[in-house]
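Here is how the chains run, residue by residue.
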Amino acid sequence: MQWSRISHFLFIDIFVCVLQAVMSSDFAVSHFKHLRKLLLVHGHWCYVRLANMILYFFYKNVMFVNLLFWYQFFCGFSGTAMTDFWMLILFNLIFTSVPPIIYGILDQDLSAETLTVLPELYKSGQTSEAYRSSTFWVTIVDAFYQSLACFFIPYFSYFGSDMDIFSFGSFIITATLFVVLLHLLIESKSLTWIHWTVMVLSVLSYFVFSLALSAACVNCIPPANVYWILHTHMADPVFYLVCIMTVVVALLPRYVYIICFF
């Protein structure tokens with residue numbers, strides 16, 4: 001009887017330890033038969049998602065910061081930005097933050113059936129095929145190129161005009177938003193309704209906020225003024241032409257690179 005009670009308490013202690021280990025772990029399986037799918041399928045997806053998402057965040061931040069850098073050549077390196085501070089804050093915080101998170105959660109480069117049937121595909125994670133130094137530098141160079149396209153195409157399109165600083169910045173930020181989001185679509189291997197919904201909401205949030213700000217901000221950023229800027233742009237066909245041309249020129253090399261090497 002005493003040995004039975006000792007065995008009972010010993011079993012409870014072991015069970016509690018196992019539960020604590022499960023709660024502290026990233027993954028837990030109830031049977032070893034589930035380990036194959038966890039490793040070959042979800043392990044592969046997790047590696048590819050994280051690698052590509054990290055590369056995308058490098059790309060997005062380098063690209064956006066360089067837009068501000070190119071403008072310094074035209075303002076005597078005074079630190080002036082060609083857009084208002086709200087755009088500088090909200091561009092990364094709201095307008096382009098959710099799509100890469102959804103991409104990092106849901107993207108699937110290969111189907112679960114393919115990864116299960118071909119276990120050798122798991123080696124791509126072991127050999128770091130998705131995140132190499134060459135891939136990193138290609139991403140950085142592409143970010144520099146896209147920032148040049150997003151800045152200088154609007155600049156030369158209105159070279160010699162009397163356009164003010166925030167009107168010029170509105171062109172750049174709008175084109176950059178579409179470039180950054182469409183770049184993510186090019187990189188995505190699988191697209192669901194969630195991806196499209198988040199993309200649409202990101203674009204809508206930008207235009208709703210920008211239109212509201214330019215309508216309400218009568219004289220809130222002196223001496224410049226953002227009042228009615230985007231409304232004026234959206235009534236001008238040249239605005240759409242310049243944005244489309246900027247997006248095509250900026251994304252064309254990346255699109256060709258994906259087709260040729262992936």
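Presented here is a report on the structure given in the accompanying data block. (Residues numbered from 1 in each chain as written. Predicted model: local features only at pLDDT ≥ 70, side-chain atom pairs only at ≥ 80, totals over all residues. Heavy atoms only, no water.)

Further remarks concern the overall build of the protein chain. Assigned secondary structure in the protein chain consists of 11 helices and 0 strands. Across the 262 residues in the protein chain, those meeting the buried criterion constitute 39%. Intrachain contacts of the protein chain at a sequence separation of at least 6 include 79% that bridge at least 24 residues. When the accessible area of the protein chain is evaluated, it comes to approximately 15200 Å², of which 73% is carbon and sulfur surface. (Helix = DSSP H or I, 4+ residues; strand = E, 2+ residues; numbered from the N terminus. Buried < 20%, exposed > 50% of the residue type's maximum accessible area, 1.4 Å probe, protein only. Contact = heavy atoms within 4.5 Å. Areas by Shrake-Rupley, 256 points an atom, 1.4 Å probe, with all protein chains shown as cover.)

On the surface, Phe 85, Trp 86, Ile 89, Leu 93 and Ile 94 cluster together into a nonpolar patch covering about 480 Å² of accessible area. Tracing the chain through its elements places Phe 85 in helix H3 (residues 85-95). (Patch = residues over 30% accessible without salt bridge, like charges linked within 9 Å, V, L, I, M, F, W, Y side chains within 5 Å. Salt bridge = Lys/Arg side-chain N within 4 Å of Asp/Glu carboxyl O.)

This part covers H3. When H3 is considered as a whole, its buried residues turn out to be Met 87, Leu 90, Phe 91 and Phe 95. Mapping the buried residues of H3 onto a view down its axis gives an arc of 120°, with all of them on the same face. Where H3 begins, the capping side chain belongs to Asp 84, and its oxygen is found 3.1 Å from the backbone nitrogen of Trp 86. (Arc of directions from axis to C-beta. Polar contact = N/O pair within 3.5 Å; in protein donor to acceptor, adjacent residues only side chain to side chain.)

What follows is about the pattern of salt bridges. A side chain of one charge can pair with a side chain of the opposite charge when the charged atoms of the two come close. Enumeration over the complete set of coordinates arrives at 2 salt bridges. Measuring nitrogen to oxygen at the nearest pair gives 3.9 Å for the salt bridge that ties Asp 142 to Arg 254. Separated by 112 residues along the polypeptide, Asp 142 in helix H7 (residues 133-157) and Arg 254 in helix H11 (residues 237-261) bring together distant segments of the chain. Overall, the relative accessible area of 8% leaves Asp 142 in the buried class. Under the relative-accessibility criterion, Arg 254 is labelled buried at 7%. Its salt-bridge partner being Arg 254, residue Glu 187 comes within 2.7 Å of it at the nearest N-O pair. Of this pair, Glu 187 sits in helix H8 (residues 165-187) while Arg 254 sits in helix H11, and the two are 67 residues apart along the sequence. Each member of the pair, Glu 187 as well as Arg 254, is classed as buried.

The subject of this paragraph is unusual backbone geometry. Phi is mostly negative for residues that are not glycine, and the peptide bonds are mostly trans. Not every positive phi belongs to a glycine, and Phe 77 is a case in point at roughly 50°. With respect to the helices, strands and loops of the structure, Phe 77 is situated in the loop between helix H2 (35-72) and H3. Judged by relative accessible area, which is 51%, Phe 77 ranks as exposed.

Don't take any of this as a statement about function, it's just geometry.
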